[in-house]
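Observations on chain architecture
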Amino acid sequence: MNTGAPHYPFTAVVGMAELRLALLLNAVSPAVGGVLVRGEKGTAKSTAVRALAALLPEVAVVPGCRFSCDPAAPDAGCPDGPHEAARTHAMRAARMVELPVGASEDRLAGALDIERALAEGRKTFEPGLLAQAHRGVLYVDEVNLLHDHLVDLLLDAAAMGANYVEREGVSVRHAARFLLVGTMNPEEGELRPQLLDRFGLTVEVAASREPAERAEVVRRRLAYDADAAGFAARWAAEEDALRARIAAARALLPAVVLGDAALRQITATCAAFEVDGMRADIVMARTATALAAWSGRTEVAAEDVRQAALLALPHRRRRNPFDAPGLDEEKLDDTLREHGGPGEGPPDGDGGGAPPGAADGPDAAPREQPGDTGPAGPAPRQPGADTPRNPAPQDPSGTDDAPEPPGSAPAATRAPAEEPGAEPHPPGTAPPPSEAQPAAPAEPFRTRRLDVPGVGEGAAGRRSRARTAHGRTTGARRPRGALGALHLAATVQAAAPHQHTRGRRGPGLVVRRDDLREAVREGRESNLVLFAVDASGSMGARQRMGAVKGAVLSLLLDAYQRRDKVGLVTFRGRDAELALPPTSSVDAAAVRLERLPTGGRTPLAAGLLRARETLRVERLRDPARRPLLVVVTDGRATGGREPVGRAARAARLLAAEGVASVVVDCESGPVRLGLAGELARELRGTAVALGELRAEAVSGLVREAREDRRAPAVPEGPGTGRGPASSRRAA
């Protein structure tokens, strides 16, 4: 909401040299391809992006054009055109347009008035956010929460510089060139690697751990909140100087030469890091050229290539969602030295200093503000000065790798703290291997698809059948509110019987609002996949638990690819705990799983009840998202009074609430009790043996699940339960 207060000045942002540099390089050369800003919450990601728009030069536009055509080179295909060579023009500030997470496709791309097009034969187009952002900045906060089809549409427009809107044979095209900036918190889920690759640069940001720098951030923010206009006025000179430097760099950019030696370093670097495709090479070349222009040089140097690699390659190194983005800087320096010309190579020093042009950039050091009390403190520590570029994430449990106290046993052999309800072992003896150290998960594999029966209406995804905005057309209905996708045949069929009474005389079809029909489409939705994992002593054999963790890790990877939310409940000892509340971040679930210890009794009933409570709370938050409960256990309920009976009653409660369930049977050995199958029957779910989860093992083992909840098909074999959760070959 615009309150009329000036934006926080870009030059007043403390630290974050790489973020500021990446944004400025895109301001100098929008062809770089935008910036994706990754970081924890509260790190001024949005503040820096909004402040950038005020630094961009004003743009000249054709008066009255809704698509901001340039008078010097108007778009020949502009829907408001054709524009003759404009004798007059209007000047306006470059816009910063924000794309909300919940925006519709029509809001982003624009909307056609289909009713008017049918009745009058006229194309009436209402511009969307892409048109508004033309020649400005398009900002997407929490881009990782945006629906995939909107991200695809957005990135296609950014890559082509044009937006195409087609509805039932009516087509509109307009120019859409903008500086794309997205921000995201990785804790809330990752972008797919294909989408990550479409962003030119990526920057990781984190809050400073230096007290002096944090104090300066607070001091400036309080001063801005107290008097925004006065604060902005105190930084006006720095803003003007930076604005002038951007304009000068833009003017110099066409004269910058990318020599053969620099180009050889760029291509050798991309090849050395095994980056897929050629987009990385092109982005690095454009970034290095912009860096040279920003530094006032007309030739790309080795230091430009190095900094371009640090900004353009880390996010392109991810091969699966569990890989952390990053770059081996020692390998980078070796590659640049090997393929550089005489006297060329990475800059001297530790290789992680301030980027080119940053020393005299917006805030080389915090300055003392007029009216502020006390000195600003020491200069902020720039990323890479004496800390790793991508520090390892902190242990969510809060433990550190602190030095061992004198006389203590090595960490690998020391017994862990006694867990409540864990099976005690005799004093002076080593604990069982399952309690000494969590078992490492086995190698992930491609799993068969587990889905929820019926047809839902949840968020678009790739798991279960659902009525969605995209997919195959299965029918037509009257519009519910604004018209979505027109079903042309059904609309004509509804209007045809009334043409005589409506006085039709010519060839045109007389269509009224009541005749319109929208298409009902069926696609796939994402689900909430809640894992309930048995971590008791009966699961504790190291090889066995490693296989179980590998299977769950494989299912997590499958959930990532199908855009699901995931949660993790574990049970062992005397109780169950929600190890990970439902989230879109499968990375966090994988970390919790790898650290999962085993031991103690099997409170199966407690695990099921904790899962039921978690699903109840999540149902209130997101009623349209259907859950799938995956229970990973051997079914041996122990501990407490009537453990088997209590587990059966808990399972029946879940079944009565219609929760689709799959029981992954982890029982092994020559003698099998079939307890997991009994549990699946109580849940009215499906039992799947651990070895049957692999997609290649599905053929011949599983029949197609029927959609009838009362009598669904299930995998054949002994100990198999029946229920609503179906299982099919992975797509």
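Overview of the structure.

What counts, and where the lines are drawn
Residues numbered from 1 in each chain as written. Predicted model: local features only at pLDDT ≥ 70, side-chain atom pairs only at ≥ 80, totals over all residues. Heavy atoms only, no water. Disulfide = S-S within 2.5 Å. Buried < 20%, exposed > 50% of the residue type's maximum accessible area, 1.4 Å probe, protein only. Helix = DSSP H or I, 4+ residues; strand = E, 2+ residues; numbered from the N terminus. Contact = heavy atoms within 4.5 Å. Expected span 1.5 Å × (residues − 1). Pairing = 2+ DSSP bridges. Axes fitted to C-alpha atoms, helices over the stretch in contact; angles between N-to-C directions. Salt bridge = Lys/Arg side-chain N within 4 Å of Asp/Glu carboxyl O. Right-handed = clockwise from strand over helix to strand, strands pointing away. Polar contact = N/O pair within 3.5 Å; in protein donor to acceptor, adjacent residues only side chain to side chain. 1 Å grid on protein atoms, 1.4 Å probe; cavity = no way out; pocket = protein on both sides within 12 Å on 5 of 7 lines; lining within 4 Å. Points joined across faces, edges and corners; volume = space filled by probe spheres on them. Nonpolar A, V, L, I, M, F, W, Y, C, P; charged D, E, K, R; others polar. Core = buried A, V, L, I, M, F, W, Y, C linked by side-chain atoms within 4.5 Å.

Going through the model one piece at a time under the given rule, you end up with zero disulfides. The thiol sulfur of Cys 78 is not disulfide-bonded, and the nearest other cysteine sulfur, from Cys 69, lies at 3.7 Å. What makes Cys 78 buried here is its relative accessible area of 5%.

Turning our attention to the side chain of Glu 518. With respect to the secondary-structure elements, Glu 518 resides in strand β14 (residues 518-525). Excluding anything up to four places from it in sequence, Glu 518 contacts Gly 475, Ala 476, Arg 477, Arg 478, Pro 479, Arg 480, Ala 482, Leu 483, Gly 484, Ala 485, Leu 486 and His 487.

Here the focus is helix α6 (residues 148-160). Helical geometry: 3.6 residues make up each α-helical turn, so side chains three or four residues apart lie on a common side. With 13 residues, α6 extends 18 Å between its outermost C-alpha atoms, agreeing within 8% with the 18 Å of an ideal straight helix rising 1.5 Å per residue. When α6 is considered as a whole, its buried residues turn out to be Asp 148, Leu 150, Val 151, Leu 153, Leu 154, Leu 155 and Ala 157. Two residues or fewer past α6, Gly 161 is found with a positive phi of approximately 75°.

The next point concerns the sheet that holds strand β10 (residues 179-184). Spatially, five strands are ordered β4-β7-β10-β1-β11 in an open sheet, and the strand pairing comes out parallel. Here the strands that pair on one side only, and so sit at the sheet edges, are β4 (96-98) and β11 (201-205). Averaged over all pairs of adjacent strands, the angle between strand axes in this sheet comes to 20°, irrespective of strand direction. The pairing of strand β7 (residues 137-141) with β10 spans five bridges and is classified as parallel. If you follow Val 140 over to β10, its bridge partner there is Gly 182.

What follows concerns the pattern of salt bridges. Counted by the stated rule, this structure contains 37 salt bridges. In this structure, the salt-bridge partner of Arg 173 is Asp 75, at a minimum N-O distance of 3.1 Å. A residue pair is termed long-range when its members are at least 10 positions apart, and Arg 173 in strand β9 (residues 170-175) and Asp 75 in the loop between β2 (59-61) and β3 (90-92) qualify at 98 residues. A salt bridge links Glu 618 to Arg 621, with the nearest nitrogen and oxygen atoms 3.5 Å apart. Highlighted residues: Glu 618 and Arg 621, both in helix α19 (residues 604-621), separated by three residues, approximately one helical turn. Here Glu 618 falls in the buried class, since its relative accessible area comes to 7%. Relative accessible area serves as the criterion here: at 62%, Arg 621 is assigned to the exposed category. One salt-bridge network, held together by shared partners, links Arg 463, Asp 558, Arg 562 and Asp 564.

Across the six residues of strand β19 (residues 660-665), six count as buried, placing the element largely inside the fold. Side chains Ala 660, Val 662 and Val 664 of β19 all project onto a buried face; the interleaved residues Ser 661, Val 663 and Asp 665 project onto the opposite face, where all are buried too. Sheet topology note: the strand β18 (residues 627-633)/β19 ladder contains six bridges and is parallel. Bridge pairing in β19 places Thr 633 opposite Asp 665. In this region the chain leaves β18, passes through helix α20 (residues 643-656) and returns to the parallel neighbour β19; the handedness of that crossover is right-handed. Examined bridge by bridge, β19 and strand β20 (residues 686-689) share four bridges and lie parallel to one another. Paired with Val 664 across the bridge in β20 is Val 688.

As for its position among the elements, Ser 554 is in helix α17 (residues 542-561). Reaching out from Ser 554, the side chain makes a polar contact with the backbone nitrogen of Phe 445 at a distance of 2.8 Å. For Ser 554, the residues in contact, after removing those within four places along its chain, are Pro 444, Phe 445 and Thr 447.

In this structure, the second largest pocket encloses a volume near 720 Å³. What lines the second largest pocket is a set of 32 residues, among which Pro 30, Ala 31, Ala 158, Arg 177 and Phe 178 lie closest to the centre. Those elements that place two or more of their residues in the lining of the second largest pocket are α6, β10 and α12 (279-294). Looking at the lining of the second largest pocket element by element, the count peaks at four residues for α12. Per-class residue counts for the lining of the second largest pocket are 17 nonpolar, five polar and 10 charged.

With that settled, the discussion passes to the nonpolar core. With 66 residues, the main nonpolar core has Leu 23, Trp 294 and Leu 313 as its most contacted residues. Examining the composition of this core, we find that 10 residues originate from one element, α12, more than from any other.

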